[in-house]
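Report on the structure
What follows is the residue order along each chain.
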Amino acid sequence: MRPKVTAILVAHDGGAYLDRTLEALAEQTRPPDQTVIVDIGASSRVTEHPAGLLGVQHVAAPSSLSFGDAVKAAARVLAPASTDGEWLWLLAADNAPDPDALRAMLAAVEISPSVSVAGPKLMQWADPDYLYSFGESMTRFGTAVELAEPLLDQAQYDRESDVLGVSAAGMLVRHRVWTRLEGFDPALPAVDDALDFCVRARLAGHRVSLVPDARVLSAGRRSPGTAVLGPRTSRTRRSYLERAAQLHRRLVYSPPLALPLHWLSLVPLAILRALGQLLRKQPGSVLGEFGAAFAVAFGHAASVPAARKRLKRERTLGWTAIEALRLPWAEIRRRRALAREDATSARRAGRHEIRFLAGGGAAVVLVAALLGLALHVPLLGAAGVAAPGLLPLGGVGELWGSLGYAWRGLGDGFVGVADPFNWILALLGTVTFWSPSYSIVLLYVLALPLAAAGAWFAAARLTASAGLRGIAAAAWTLAPTLLVALDQGRLGAVVAHLLLPWLFFALSTARRSWVAAATASLLAAGVLAGAPSLWVPLLALWLLTTVALASAGRRGRGWHRLVGLPIPALALFLPLGVQHVLQGTPLGVLADPGVPLAATTEPNSVLTSLAFLVGLPGAGSTGWAKWGVLDPAAGEVLAVVLLLPLLALALASVVLPGAARAAAALAVAATGFATAVLAVRVAVGAAGEAAVTPWPGAALSLTWLGLVGAAVIGLSAGHRVLARTARVTLGGLAAVGIAAAVVPLVWAVATGAGGAVPGAPRTLPALVTAGAATDPTTGTLVLEAQSGSGISASVERGSGETLEQQSTLYSAAPPDAALGADLPSLAANLASRSGYDPVPVLEAQRIGYVLLAPGTRETRVVHDRTAAAMDANPLFAPVTSTEHGTLWRYAGLDAGMPAAAPSGPGGFDTALGGAILGMQLLVLLVTLLLALPTGGLADWWRPEREARRGSGLQAGRRSPAAVPVRTMPTLAFGGDHGE
């Protein structure tokens with residue numbers, strides 16, 4: 001008896017796809033006996049069709065209908081099947097069959113009466129020679145897996161016959177079987193509906209088979225799909241549908257006793273899988289995980305029991321009957337290995353090889369390490385480093401306890417948000433937990449090799465030449481901003497300088513990899529924590545780059561990974577910025593962390609602008625004055641002249657090949673220069689009578705990065721227009737100029753003439769430190785003579801100030817607000833002879849000591865006058881003179897004073913403090929999970945869901961992947977990121 005075939009074509013915004021599909025149906029050598037066209041949505045009405053189609057019927061359906069519901073709507077207009085020879089052929093708008101497709105499938109099922117479901121080869125619409133889908137299976141845990149890989153069809157899968165499932169696109173199913181099994185599960189509207197139907201058919205005793213001679217096209221992600229899942233469906237929505245389908249099937253297939261356990265595990269598993277999604281670099285799937293878990297746990301209350309009854313009603317076989325059709329783990333591991341190889345090859349395509357060891361990178365870092373060791377030999381045996389901008393670090397507990405929103409013992413004391421740089425200090429101090437201050441010593445010793453390593457890897461993104469990479473590394477290592485920052489103890493600027501090349505290294509591949517994007521966001525947070533003034537240039541560069549890429553179409557693919565780059569930095573800075581605004585010092589958020597240092601740069605000087613143009617942070621930063629050969633101005637002029645070849649080479653790069661990249665590097669340099677010019681004109685605090693501005697050197701590190709990058713690009717691409725001798729000469733001239741310009745700085749550090757020297761682990765004399773062990777509330781008023789006629793004052797509690805106690809909230813506040821209303825008056829009167837009675841203030845502030853810091857030649861007059869006034873004051877008894885200064889003791893503090901340390905002001909909001917710290921930890925943890933280079937380590941856990949190139953439904957309702965199983969991205973020191 002001749003079989004009867006009814007073609008059911010689901011049309012939803014088909015467009016050109018639908019026209020070709022209708023023509024292909026009309027051209028069948030064995031045409032269907034009747035055709036039912038289901039028009040989904042008012043805009044999808046099919047009014048014309050080829051004359052070759054027989055018995056055409058139209059069914060209008062709501063736009064919200066899924067593919068399975070649309071097929072059911074079509075089946076309802078058909079007469080009930082009276083024999084097993086009646087078939088339904090399911091097609092979507094983009095499923096254009098080959099002329100012999102239906103004839104081939106009917107021929108296959110006629111010789112195999114037990115086959116009730118047959119599936120054709122799905123071929124890619126854009127390239128019909130390549131497979132899209134050909135059979136589906138499941139892992140032991142129920143995750144759906146495509147059997148065929150998206151390769152050129154060379155009949156490699158033609159020997160496949162019995163399978164667990166086939167795609168809904170092109171599926172040929174007996175009408176009676178469709179009716180008895182009640183079609184696709186309504187709870188699976190877009191994903192796994194065909195697979196679930198085939199599983200139920202298998203358990204009902206029917207066979208599911210593949211027909212390799214039948215070919216049907218599929219448009220993949222670009223297909224119209226349905227309103228439930230189509231080409232515009234977001235990744236989050238797709239992941240939600242996929243996970244919800246898997247969880248629903250798990251509840252339906254599970255034994256009765258295991259059903260409650262599976263239900264209870266839905267939400268806990270969602271939490272674990274969300275962390276896994278971050279490790280797999282799929283942040284867009286996190287919301288889908290939670291949405292699917294809650295939807296299945298609480299929204300499928302009726303659908304799961306109905307599906308279980310439907311399965312039980314027709315089931316005649318046990319689950320062991322389909323065990324052989326599941327995909328074995330050996331095959332899964334094989335596919336993952338192949339996917340890793342493909343991903344690695346794709347990531348490295350068109351990239352310069354790193355060759356760190358063979359290419360000279362290790363040698364450059366070794367030379368820099370020897371230089372750093374030679375320059376800082378005196379520091380090796382020290383417990384800490386003493387410099388104008390440095391203080392010792394407290395204990396590890398104090399370092400981590402300083403984070404968040406807590407009591408700060410500066411001045412009168414206040415409750416405030418920690419500076420973001422405290423996170424860096426906590427990490428540094430933990431490295432040498434037995435002596436946190438020694439971590440600063442190690443940072444000084446390792447600063448040069450760390451700078452060389454970062455610059456070498458960054459240069460590897462720009463050139464394949466080992467020589468140019470070495471020159472770039474040397475230039476970055478000997479950057480004046482780094483040497484001056486080390487000399488002055490500007491620890492934040494040092495950290496920013498060391499992290500900037502790594503930030504560029506990660507950003508160069510951030511569009512292609514979540515690993516690189518998350519790593520870049522953490523590095524950006526570290527750079528900004530060390531140098532908050534870089535918020536302006538980095539934010540401007542990020543905004544311009546993101547907007548440019550977003551508007552560049554396909555050339556800007558991956559721009560969405562750059563959107564979240566500022567999030568970790570915002571999480572660290574936002575609470576501090578809010579408190580600065582409430583305090584009335586909004587610009588204080590740009591203040592450098594640590595000890596505030598008075599500005600020494602003349603902002604309106606032409607020489608200053610020229611120095612900024614070549615990366616010099618202003619007068620006195622060249623080291624010539626310390627060498628005693630030239631005065632600061634003459635030394636600065638000479639240094640500018642020596643650095644002009646680098647500037648000229650960078651500017652010339654825009655007229656050489658690779659001008660676009662060189663222009664981008666110069667734009668980075670320009671933003672750094674503009675920031676430095678503005679920084680010296682913005683006062684963010686005061687140090688005594690002198691104003692404190694953001695240090696321009698941090699911004700000039702950005703300028704130096706741009707100049708060196710542009711020069712490397714120009715020299716690397718210049719081989720097309722310049723002879724090798726010319727390029728070597730130009731590069732050598734720039735390198736020699738840089739080396740000559742920084743010789744005085746290097747000499748000053750090597751001979752101990754610089755500002756950084758071995759330091760003690762405390763800032764107060766031993767007598768005060770010993771007393772703090774029994775009474776940590778005791779305050780020490782520290783007076784320091786200024787170069788004018790003024791004197792600066794501060795109060796140190798307990799054993800003295802530490803670096804993590806410093807706060808820009810305190811340094812940016814007006815002196816009377818920072819010190820309190822009484823301390824400025826107290827300091828002024830103690831520094832001179834007057835009739836002022838200091839006792840009420842001394843007792844109220846619990847000041848037991850007064851320390852006068854050592855004076856300099858410029859401050860000798862003020863210093864001696866203050867010392868004489870203190871000696872003449874009968875309330876104070878001279879104690880000792882140490883390297884910290886001259887100490888006096890106020891004996892009256894002991895009478896009736898408490899010995900316990902105060903716990904903080906009554907207004908301290910511990911809930912707010914915990915919320916701020918928790919928010920920051922959460923953001924950093926999520927970003928860190930994304931940034932972890934997990935490579936193949938966790939591939940054993942990686943589910944097969946992302947291996948699926950098709951849905952097992954009509955084409956396009958699942959996006960095709962490049963490989964069957966997508967491996968985790970790896971952040972390798974080879975510099976290749978990717979998914």
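Treat the numbers as computed from the prediction; the structure is a model and nothing was measured.

Proximity of charged atoms lets side chains of opposite charge pair with each other. By the definition in use, this model includes 19 salt bridges. Among the salt bridges present, the one from Arg273 reaches Glu289, with a minimum N-O distance of 2.9 Å. Here the residue Arg273 occupies a position in helix H8 (residues 266-279), and Glu289 occupies one in helix H9 (residues 286-299), the gap between them amounting to 16 residues. Residues joined by salt bridges that share partners form a network here, namely Asp98, Lys121, Asp153, Asp158 and Arg215.

A few words on helix H12 (residues 361-375). Relative to the 21 Å expected for 15 residues at 1.5 Å per residue, H12 spans 21 Å between its end C-alpha atoms, a close match to the ideal helical length. Buried residues of H12: Gly361, Val365, Ala368, Gly372 and Leu375, and no others. Axial view of H12: buried residues confined to an arc of 85°, hence all on one face. Across H12 from its buried face, at more than 90 degrees, point the exposed residues Leu366, Val367 and Leu370.

Moving on, we come to the packing of aromatic side chains. To describe a pair of aromatic rings, one takes the distance between the centres and the angle between the planes. In the structure shown here, the tally under the stated rule is 15 aromatic pairs. Pairwise contacts between aromatic rings join Trp456, Phe457, Trp502 and Phe505 into one cluster. The positively charged end of Arg20 is found above the aromatic ring belonging to Trp125, 5.0 Å away from the centroid.

With their axes 8 Å apart at the nearest point, helix H17 (residues 480-488) and helix H18 (residues 491-507) run at an angle of 150° to one another. Of the possible angle classes, the one that applies to H17 and H18 is roughly antiparallel. Here H17 and H18 pass one another in a crossing that is left-handed. In this structure, H17 uses Thr481, Leu482, Ala485 and Leu486 to contact H18, whose residues at the interface are Ala493, Val494 and His497. Partitioned by chemical class, the residues of the contact of H17 with H18 number 5 nonpolar, 2 polar and no charged.

As for its position among the elements, Arg243 is in helix H6 (residues 235-253). Residue classification places Arg243 among the buried residues on the basis of a relative accessible area of 5%. Setting aside chain neighbours within four positions, we find Arg243 in contact with Arg250, Arg273, Glu289 and Ala292.

Counted by the stated rule, this structure contains 6 cavities of 30 Å³ or more. The space that makes up the largest cavity amounts to roughly 90 Å³. Secondary-structure elements contributing two or more residues to the lining of the largest cavity are helix H16 (466-477), helix H24 (632-652), helix H26 (696-717) and helix H27 (724-750). Across the lining of the largest cavity, the residue classes tally to 13 nonpolar, 1 polar and no charged.

What follows is about the nonpolar core. Counting 134 residues, the largest nonpolar core has Leu390, Ile440, Tyr444, Leu491, Leu646, Trp704 and Leu803 as the members making the most contacts within it. The biggest single contributor to this core is helix H15 (residues 438-460), with 14 residues. If we ignore the near neighbours within four places in the chain, the residues touching Leu803 are Gly389, Leu390, Leu391, Pro392, Leu393, Leu425, Ile440, Leu491, Gly594 and Val595.

Quick look at the confidence of the model for the chain now. Per-residue pLDDT for the chain averages 82, and the proportion of residues at 70 or more is 86%. Mean pLDDT per element in the chain: helix H30 (residues 815-819) is the minimum at 59, and H18 is the maximum at 95. Contacts for the low-pLDDT stretch residues 895-908, under 50 throughout, to residues beyond four places or in other chains number 19 contacts. A low-confidence stretch, residues 936-979 (pLDDT under 50), is modelled with 199 contacts involving residues beyond four sequence positions or located in other chains.

The next subject is a nonpolar patch on the surface. On the surface, a cluster of nonpolar side chains totalling about 570 Å² of accessible area is made up of Leu261, Trp263, Leu264, Phe294 and Phe298. Elements supplying a minimum of two residues to the nonpolar patch: helix H7 (259-264) and H9. If one sorts the elements of the nonpolar patch by residue count, H7 sits on top with 3 residues. Along the chain, the position of Leu264 falls in helix H7.

A few words on the sheet that holds strand E19 (residues 847-852). Strand order in this open sheet of 5 strands is E18-E17-E19-E21-E20, and the pairing throughout is mixed. Looking at which strands have only one partner, the edges of the open sheet turn out to be strand E18 (791-797) and strand E20 (876-882). Each neighbouring strand pair of the sheet contributes to a mean axis angle of 25°, computed without reference to strand direction. By the bridge criterion, 6 bridges tie E20 to strand E21 (residues 885-890) in an arrangement that is antiparallel. Pairing of Thr880 across the sheet is with Leu887, part of E21.

Quick notes on the rules
Residues numbered from 1 in each chain as written. Predicted model: local features only at pLDDT ≥ 70, side-chain atom pairs only at ≥ 80, totals over all residues. Heavy atoms only, no water. Salt bridge = Lys/Arg side-chain N within 4 Å of Asp/Glu carboxyl O. Helix = DSSP H or I, 4+ residues; strand = E, 2+ residues; numbered from the N terminus. Expected span 1.5 Å × (residues − 1). Buried < 20%, exposed > 50% of the residue type's maximum accessible area, 1.4 Å probe, protein only. Arc of directions from axis to C-beta. Phe/Tyr/Trp six-rings, centres within 6.5 Å; stacked < 30°, edge-to-face > 60°. Lys NZ or Arg CZ within 6 Å of the ring centre and 35° of its normal. Axes fitted to C-alpha atoms, helices over the stretch in contact; angles between N-to-C directions. Parallel < 35°, antiparallel > 145°, perpendicular 65-115°, else oblique. Left-handed = near helix turned anticlockwise from the far one by under 90°. Contact = heavy atoms within 4.5 Å. Nonpolar A, V, L, I, M, F, W, Y, C, P; charged D, E, K, R; others polar. 1 Å grid on protein atoms, 1.4 Å probe; cavity = no way out; pocket = protein on both sides within 12 Å on 5 of 7 lines; lining within 4 Å. Points joined across faces, edges and corners; volume = space filled by probe spheres on them. Core = buried A, V, L, I, M, F, W, Y, C linked by side-chain atoms within 4.5 Å. pLDDT = per-residue confidence, 0-100. Patch = residues over 30% accessible without salt bridge, like charges linked within 9 Å, V, L, I, M, F, W, Y side chains within 5 Å. Areas by Shrake-Rupley, 256 points an atom, 1.4 Å probe, with all protein chains shown as cover. Pairing = 2+ DSSP bridges.

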